[in-house]
Amino acid sequence: MRYGEILEGRFESRPNRFIAYVNIDGRREKVHVKNTGRCRELLKEQAKVYLDKSHNPERSTAYDLVAVEKDGRLINMDSQAPNKAVGEWLLKGGLFSDAQLVRPETKYNNSRFDFYVETEKEKVFIEVKGVTLEQEDVVLFPDAPSQRAVKHIHELVEAVREGYQAYVIFVVQMEKVKYFTPNRRTHLEFAQALLEAERAGVKVLAYDCAVTPDSMEIKGQVPVKLSQLEAACEPLLKWYDQGRRILPWREEATPYHVWISEIMLQQTRVEAVKPYYDRFMNALPDIPSLARAQEEELLKLWEGLGYYNRVRNLKKAAMVIMEEYGGKMPSEYEELLALPGIGSYTAGAISSIAYGKRVPAVDGNVLRVLSRLRGDARDVAQPGVRAEIEKELSLEMPAERPGDFNQALMELGAMVCIPTGMPHCGECPWRESCTAHALQRELEFPYKTPKKPRTIEEKTVLIIRDETRAALMQRPAKGLLAGMYEFPCLEGHLSRKQVVDYLKQEGLSVLKVKALEDSRHIFTHKEWHMIGYEVRVDELEEKKNKSSMLFVEPKEVRDKYPVPSAYRVYLQNFLS
């Protein structure tokens, strides 16, 4: 589209939406502003503007303000120009090469859409939105709340349900921009409506324009990032690339390495996992060796990490992989999910990190980061909410570098958007786009239903020892800490006399009883509050009932028998 006679001027002021004062060759001229939006980022004092001379002698203003220069970029700000440019483009075969009818301003239900197009096979409604708001080469719409725009979006969804094709075309009234995204801070309702419309089948497109002082034409397609996460992806990956932690399983991200590390990292800090990971890989470097390993060897390798069913399930899964997949870890999410001990998070991590599949990996870190970014008040402790977030993330995550994207989310949650205390928002790549930060409500997200208090169990731990050995007992094959070894552990907090009486009944000659320090261990749903005694006896071999106890040297405990970390304080006493 082209204008007639164009003059150059310098912007001075704008007393209302429709009027501006411009300096043209030294004279102050009142002009008409064709864009009635806010435009405060464009119309700054002394900005170079371009004016289209009116040929209507009855008007009070002789010129229309149609374009402005901002930071070396020419921006058309004529609110009528987008429709004119799209109309010309459609008639030339833009969007539809087989268009048989292009009709502007067509009524549908309670809305009037900008264009109605008929092709050989389709009937199409098109709504056009002009975009003039630009921030760091990213363009946004709207620049002010627009309930009319929301209404149009809902009507387009209804048209799709009735069998029409529907498009929203954002005409970017400038060129050389990075991408388009809805302006959530200005009008969150519009951003949400647009995202829901796309998922309902409305096609959302953006095109930039070749702009001169006297013309504007559709030029090329611009990337559209409708979700907050899509728009936040680029700064997140840039931050991750610049400062990610160097971790052994990241540097050689084979399926086996990713699998073992992710299972170890459940309920355990990264720094604590590193030595266990190295020890495990030295002993069991691949899936075949894991499948062959004996349970006691596995438990000993896992000793101190806790949650011992994790390592039992590792072996079970390794055996399935050997039998059903020829020893090679499957790559597909659903196949991984079917393996023992692998849930949605671990399946997503292996599939995305090791195989580059576009699958989310949602753990507590990711839930926290996303809920703060989006100001999402849903209860993340509810399984249904977690499933919804996984589904949303699968639609919004980038097709490129999905493994790095998942790891970047985890890294952000571990290092910046931390689980306890105030997050380090000044170091965050999302500090400008995070909803919780903008509201100064970071600690209110994520919302979780308060947990039930843990049950407390009192225990008395006995290190029964002679000159060199101590007594160990194996726990039952099922239940808490199944199959592990422990020092004799009695229910309740017993007095010194009660301990001596118990040991006499067991047939042991007690020489000395010394109280040890108290200890506490927290499991998921319970706590053990422990007191301990070191008991010196004459000879362990004298014990009447020997079948339930093993009498072991310190070296045997170090090398052979797995003792849970719950007994760490008392184990150190024996080994020292």
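Preceding block: the structure.
None of the values given here were measured: they were computed from a predicted structure.

Engineer: How do you make sense of the overall build of the protein when you look at a structure like this?
Structural biologist: Of regular secondary structure, the protein possesses 19 helices and 22 strands. Whereas a compact globule of 576 residues would reach a radius of gyration of roughly 25 Å, the protein reaches 34 Å, over 25% beyond that. Across its three principal axes, the protein shows a C-alpha extent of roughly 120 × 50 × 40 Å. Once local pairs closer than 6 in sequence are excluded, the contacts in the protein between residues at least 24 apart make up 66%. As displayed, the protein offers around 27800 Å² of accessible surface, 48% of which is attributable to carbon and sulfur atoms.

Engineer: For this particular structure, what's the right way to read the packing of aromatic side chains?
Structural biologist: By convention here, two paired aromatic rings are described through the distance between centres and the angle between planes. Enumeration over the complete set of coordinates arrives at 19 aromatic pairs. Arranged with centres 5.2 Å apart and planes meeting at 50°, the rings of Phe-113 and Phe-125 form a pair that is tilted. Taken as a pair, Phe-113 in strand S8 (residues 111-118) and Phe-125 in strand S9 (residues 123-131) lie far apart in primary sequence, 12 residues in all. Each member of the pair, Phe-113 as well as Phe-125, is classed as buried. Among the aromatic residues, ring-to-ring pairing joins Tyr-108, Phe-113, Tyr-116, Phe-125 and Tyr-164 into one connected group.

Engineer: Mind showing me how you'd approach the environment of Leu-101 here?
Structural biologist: Examined against the element boundaries, Leu-101 turns out to sit in strand S7 (residues 101-108). Here Leu-101 falls in the partly exposed class, since its relative accessible area comes to 29%. C-alpha of Leu-101 to C-alpha of Thr-119: the two residues are 18 residues apart in sequence and 7.0 Å apart in space. Filtering out sequence-adjacent residues up to four positions away, Leu-101 remains in contact with Tyr-116, Val-117 and Glu-118.

Engineer: Whenever I open this one, the side chain of Thr-119 confuses me. Can you help?
Structural biologist: Checked against the element boundaries, Thr-119 lands in the loop between S8 and S9. Overall, the relative accessible area of 8% leaves Thr-119 in the buried class. Not counting residues up to four positions away in its chain, the partners in contact with Thr-119 are Phe-96, Asp-98, Ala-99 and Gln-100.

Engineer: What am I meant to see in the state of the cysteines here?
Structural biologist: In protein structure, a disulfide is the covalent linkage between the sulfur atoms of two cysteines. On inspection of all chains with the given rule, the structure shows zero disulfides. Residue Cys-233 stays outside any disulfide, its sulfur separated by 14 Å from that of Cys-428, the closest cysteine. Given the relative accessible area of 10%, Cys-233 is considered buried.

Engineer: Is there a simple way to think about the nonpolar core in this case?
Structural biologist: As a rule of thumb, nonpolar side chains are buried together in soluble globular proteins. By size, the foremost hydrophobic cluster in this structure holds 88 residues, and its most contacted members are Trp-259, Ile-260, Phe-280, Leu-290 and Trp-430. Look past the residues within four positions of Ile-260 in its chain and what remains in contact with it is Tyr-277, Phe-280, Met-281, Leu-290 and Leu-314. Formed by 49 residues, the second largest nonpolar core is a distinct cluster that contains Val-31, Val-157, Val-160 and Val-177.

Engineer: How should the sheet that holds strand S10 (residues 133-135) be read in this particular structure?
Structural biologist: In any sheet, the strands associate via hydrogen bonds between backbone groups, in a parallel or an antiparallel arrangement. Spatial ordering of the open sheet is given by S10-S11-S13, a layout of three strands whose pairing is mixed. What marks the edges here is a single partner per strand, and that holds for S10 and strand S13 (179-182). Between one strand axis and the next, the sheet turns through 35° on average, direction left out of account. Bridging between S10 and strand S11 (residues 138-141) involves three bridges; their strand directions are antiparallel. In the strand pairing of S11, Gln-135 is matched with Val-138.

Engineer: Sorry if this is basic, but what is going on with the pattern of salt bridges here?
Structural biologist: Opposite charge on two side chains lets them pair, provided their charged atoms get close. Within this structure, the stated rule accounts for 39 salt bridges. Between Glu-411 and Arg-250 there is a salt bridge, with the nearest N and O atoms lying 2.7 Å from each other. Taken together, the positions of Glu-411 in helix H15 (residues 402-415) and Arg-250 in helix H5 (residues 248-251) put the pair 161 residues apart, joining distant regions of the chain. Residues Glu-411 and Arg-250 agree in their burial class; the two are buried. A salt bridge links Arg-401 to Asp-404; the nearest nitrogen and oxygen atoms lie 2.9 Å apart. Taken together, the salt bridges that share partners define one network made up of Arg-199, Arg-374, Asp-376, Arg-378, Glu-388, Glu-392 and Glu-396.

Engineer: What is the right way to read the packing of helix H7 (residues 270-283) against helix H9 (residues 295-302) from this model?
Structural biologist: In a pair of packed helices, the angle between the axes and the distance between the axes together describe the arrangement. Here H7 crosses H9 at 155°, and the two axes come no closer than 9 Å. Relative to H9, the element H7 is oriented roughly antiparallel. Contact residues: Tyr-276, Arg-279, Phe-280 and Ala-283 in H7; Leu-298, Lys-300, Leu-301 and Trp-302 in H9. In terms of residue class, the contact of H7 with H9 is made up of six nonpolar, no polar and two charged.

Parameters at a glance
- Residues numbered from 1 in each chain as written.
- Predicted model: local features only at pLDDT ≥ 70, side-chain atom pairs only at ≥ 80, totals over all residues.
- Heavy atoms only, no water.
- Helix = DSSP H or I, 4+ residues; strand = E, 2+ residues; numbered from the N terminus.
- Rg over C-alpha atoms; globule rule 2.2 N^0.38 Å.
- Contact = heavy atoms within 4.5 Å.
- Areas by Shrake-Rupley, 256 points an atom, 1.4 Å probe, with all protein chains shown as cover.
- Phe/Tyr/Trp six-rings, centres within 6.5 Å; stacked < 30°, edge-to-face > 60°.
- Buried < 20%, exposed > 50% of the residue type's maximum accessible area, 1.4 Å probe, protein only.
- Disulfide = S-S within 2.5 Å.
- Core = buried A, V, L, I, M, F, W, Y, C linked by side-chain atoms within 4.5 Å.
- Pairing = 2+ DSSP bridges.
- Axes fitted to C-alpha atoms, helices over the stretch in contact; angles between N-to-C directions.
- Salt bridge = Lys/Arg side-chain N within 4 Å of Asp/Glu carboxyl O.
- Parallel < 35°, antiparallel > 145°, perpendicular 65-115°, else oblique.
- Nonpolar A, V, L, I, M, F, W, Y, C, P; charged D, E, K, R; others polar.

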